[in-house]
There are 2 protein chains.
Amino acid sequence: MKICVLGGGNGAFAAAAHLGLEGYQINIYSPFKEELDSIIKEGGITLKGCLGEHFVKGIKVCKQLALAVKNADIVMLIVPAIFHPQYARLLAPLLEEGQILFLNPGHSGGALEVKQILKEQGLAAKITLIETNTLTYITRKTGYNEATIFKVNNSVLFSALPACETPAVSQKITELYPELIVADSVLETSLANFNAVMHIPLVILNAAVIERTQGDFYFYFEGTTPAVGKVIEALDKERMAIMKGLGLSPNSFLEYFYQIGMTTKDAYESGSYYRVTKESPPNAKIKGPDSLKHRFLEEDIRCGLVPMAALGDLYKVDTPLMDVLITLSNLINEKNYWEEGLNLRKLGLANMSPQQVLRYVKNGKVN
Amino acid sequence: MKICVLGGGNGAFAAAAHLGLEGYQINIYSPFKEELDSIIKEGGITLKGCLGEHFVKGIKVCKQLALAVKNADIVMLIVPAIFHPQYARLLAPLLEEGQILFLNPGHSGGALEVKQILKEQGLAAKITLIETNTLTYITRKTGYNEATIFKVNNSVLFSALPACETPAVSQKITELYPELIVADSVLETSLANFNAVMHIPLVILNAAVIERTQGDFYFYFEGTTPAVGKVIEALDKERMAIMKGLGLSPNSFLEYFYQIGMTTKDAYESGSYYRVTKESPPNAKIKGPDSLKHRFLEEDIRCGLVPMAALGDLYKVDTPLMDVLITLSNLINEKNYWEEGLNLRKLGLANMSPQQVLRYVKNGKVN
């Protein structure tokens with residue numbers, strides 16, 4: 001298979017190196033071309049971490065998006081959710097019949113938003129749109145031209161939009177990531193956005209110290225205090241309530257964080273959201289966001305709490321805490337995230353009844 | 001006149017020393033008797049600050065509340081608002097015909113709550129209940145048995161409940177504090193609670209660092225960041241909107257803070273809530289609260305934002321930010337401040353129409 005990787009950050013480097021190592025033909029493109037210069041110069045990517053140490057050659061850096069997309073079986077978009085709309089507009093005329101457009105991850109509502117934009121842009125080709133709830137890797141660029149994959153995630157959900165198209169692409173997708181789990185629909189992937197549940201309470205209750213120090217403290221280890229744990233817990237309960245309202249069986253943040261190896265057994269067994277968040281060896285040395293415009297707030301409100309709260313509204317599940325945190329974020333960043341974020345209109349769900357939304361995400365038809 | 005001072009903290013020491021120096025006969029009582037031991041031992045209080053340096057003798061420390069109150073012209077309650085209910089219950093059988101019960105300050109809703117409790121306790125004596133919006137001093141205990149008054153405040157509002165009784169006691173009160181300003185009613189004093197407007201945003205956006213360091217940072221100077229300034233500003237606008245809804249002319253926090261000498265001319269003229277809060281020479285070296293149970297949250301939610309939001313509801317003024325901050329405080333401290341705080345029921349205003357409330361605070365009669 002031929003894979004097009006769109007992006008030039010941590011995730012994109014990991015995917016290009018990992019899938020290149022597996023023998024796939026890789027095209028990579030980033031609008032920030034300097035992100036990829038090192039690959040051109042070195043003729044490949046140095047891969048380290050859980051998959052061993054390799055120099056992965058043969059990754060083709062494309063100067064133009066059209067060339068990157070051309071003839072790819074899978075177009076994998078690995079960028080902050082905030083860039084989804086721009087990519088969707090650029091991709092609409094380029095996508096080819098039969099291609100899979102893979103949002104890795106979709107965050108919350110990514111596939112819904114992208115589908116809506118592709119439609120507005122008059123996408124002609126019949127493609128399959130899929131998303132995961134979170135990135136398929138725990139990874140960082142660890143040096144000039146070096147990707148370290150700490151873990152290939154094993155509890156990642158994915159779904160096509162509509163979900164009835166999932167089976168047709170499952171084989172290709174699980175060939176790349178054998179441990180992906182098929183979700184009920186993109187509503188399930190959207191509501192399993194644990195980043196938003198964890199980051200927003202951490203950012204809000206550390207807002208002043210983030211601004212004062214530009215994030216110069218250990219974000220998870222120092223920034224997590226009992227109050228932060230309580231707010232994460234309450235937020236997670238709202239998220240789970242929405243999922244239950246949709247007839248889905250939610251995994252708690254505690255379960256999830258332990259499953260993916262991000263917290264200790266002791267912390268998990270204590271049942272304390274405070275301990276589970278704070279006692280995270282892989283997060284221990286990660287510093288705070290450099291400002292309140294960081295993706296831990298911007299992305300996790302816009303493409304996290306706003307679409308979740310919108311689904312809560314639609315399915316008559318109260319989300320007072322999500323609303324509180326969105327209101328405070330509006331104030332702090334002088335934005336209107338209700339409008340700018342993925343509300344029902346931006347998700348392409350405006351004027352649909354709850355039943356119509358279910359039909360839309362499952363069968364692609366409203367009636 | 002004979003003055004009974006109830007309390008043993010910063011404000012009570014300042015009032016006892018100041019009014020003792022002025023030649024009034026002072027009784028002082030605190031249920032925390034050790035707070036007053038130094039006065040007994042030294043035979044007075046050392047007063048420093050803007051009124052010069054004096055050793056003020058003749059302050060009578062009373063072991064029993066009844067003895068302190070007996071024959072006093074004015075009973076001045078100078079305690080955290082959280083202790084108002086207990087004092088009201090104890091005072092109901094002790095107050096004497098013609099006495100003035102002076103809440104210095106009432107915070108928000110203090111006089112209304114105390115009146116309601118005195119009524120429930122079957123107070124027989126006809127007394128006059130008055131409150132100020134803030135303490136009449138900027139003061140701290142600066143050492144063993146030493147009160148330093150940095151400033152006798154000059155923009156303090158006061159009112160009797162009902163307001164029609166204000167003229168009858170004005171002379172006695174302004175004899176003590178000539179610069180007090182007569183407010184429209186206790187609704188105006190209650191809505192001029194600037195502490196709540198400033199402290200709650202500071203505490204919430206510094207919540208994690210308060211817990212992590214037990215307040216070991218300069219609360220106002222370091223804790224005030226642009227985001228904090230924005231939240232204070234938005235909160236102040238809600239407070240002013242409620243006052244306007246009541247037909248009152250509000251002073252902004254900016255005006256007030258500058259008037260009382262708590263910020264610089266430059267900061268004031270910039271119009272920036274961030275600068276006005278941060279650039280406060282008297283606050284520069286004040287450390288943070290030692291926990292999230294501190295009065296900067298407990299008192300300022302319970303006897304600040306809750307009664308303000310309740311008045312907002314009554315007069316149909318939306319207070320989304322007050323609601324947000326109360327909701328977050330509930331979560332953080334595992335309380336229900338809507339119930340525990342001064343809601344309309346605790347203020348004695350339940351089941352009254354907005355017009356009835358106005359009659360009640362102005363004339364003491366509902367119909």
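Residues numbered from 1 in each chain as written. Chains lettered and ligands numbered in written order. Predicted model: local features only at pLDDT ≥ 70, side-chain atom pairs only at ≥ 80, totals over all residues. Heavy atoms only, no water.

### Let's talk about the environment of Leu187 of chain A
Residues and elements named next belong to chain A. Counted only if it meets this: Helix numbers and strand numbers start at the N terminus; a helix is a DSSP run of H or I with at least 4 residues, a strand a run of E with at least 2. Throughout, a contact is declared for two residues whenever any of their heavy atoms are within 4.5 Å.
The residue Leu187 is located in helix 7 (residues 186-190) in this model. Between the C-alpha atom of Leu187 and that of Leu292, which follows or precedes it by 105 residues, the distance is 28 Å. If sequence neighbours within four positions are ignored, Leu187 has contacts with Leu112, Leu246, Leu311, Tyr315, Val357, Leu358 and Val361.

### Some details on the domain arrangement of chain A
Residue and element names in this part refer to chain A. Basically, it comes down to this: Start and end positions for the domains come from either an automated domain assignment or a database one. By buried area we mean the combined loss of accessible area, with a 1.4 Å probe, across both parts when two parts are placed together. One side-chain nitrogen of Lys or Arg within 4 Å of one carboxyl oxygen of Asp or Glu is enough to make a salt bridge. Polar contacts, as counted here, are pairs of nitrogen or oxygen atoms within 3.5 Å of one another; within protein the pair requires one atom able to donate a hydrogen and one able to accept it, and residues that are adjacent in sequence qualify only if both atoms are side-chain atoms. Residue classes follow a fixed rule: Ala, Val, Leu, Ile, Met, Phe, Trp, Tyr, Cys and Pro count as nonpolar, while Asp, Glu, Lys and Arg count as charged, and any other residue, Gly among them, counts as polar.
Looking at chain A, the domain boundaries give domain 1 (2-190) and domain 2 (194-350). In this structure, domain 1 and domain 2 have C-alpha centres spaced 24 Å apart. Each side of the interface is counted separately: domain 1 has 23 residues, and domain 2 has 25 residues. Buried surface at the junction of domain 1 and domain 2, summed over both partners, amounts to about 1900 Å²; 61% is from carbon and sulfur atoms. Of all residues in domain 1, Ile82, Ser108 and Leu187 give up the largest surface area on contact with domain 2, accounting jointly for 26% of the area buried on that side. Linking domain 1 with domain 2 are one salt bridge. One salt bridge in this structure joins Glu113 and Arg302, with 3.4 Å as the shortest N-O distance. For the pair domain 1 and domain 2, the interface holds five residue pairs in polar contact (both at pLDDT 80 or more). The biggest single contributor to the side of domain 1 that touches domain 2 is helix 5 (residues 110-120), with four residues. For the side of domain 1 that touches domain 2, the class distribution of residues is seven nonpolar, 11 polar and five charged.

### A word on the pattern of salt bridges
This is how the line gets drawn: Accessible area is worked out with a 1.4 Å probe on protein chains only. A residue is then buried under 20% of its type maximum, exposed over 50%, and partly exposed in between.
Scanning the model with the defined rule gives 28 salt bridges over all chains in all. Measuring nitrogen to oxygen at the nearest pair gives 3.8 Å for the salt bridge that ties Arg212 of chain B to Glu222 of chain A. Pair noted here: Arg212 of chain B is in helix 9 (residues 207-213) and Glu222 of chain A is in the loop between helix 9 (207-213) and helix 10 (226-245), and the two residues belong to different chains. Among the salt bridges present, the one from Glu298 of chain B reaches Lys335 of chain B, with a minimum N-O distance of 3.6 Å. In this pair, Glu298 of chain B sits in helix 14 (residues 295-314) while Lys335 of chain B sits in the loop between helix 15 (320-333) and helix 16 (337-340), placing the two residues 37 residues apart along the sequence. The exposure class of Glu298 of chain B is buried, given its relative accessible area of 9%. On the accessibility criterion, Lys335 of chain B (29% relative accessible area) is partly exposed.

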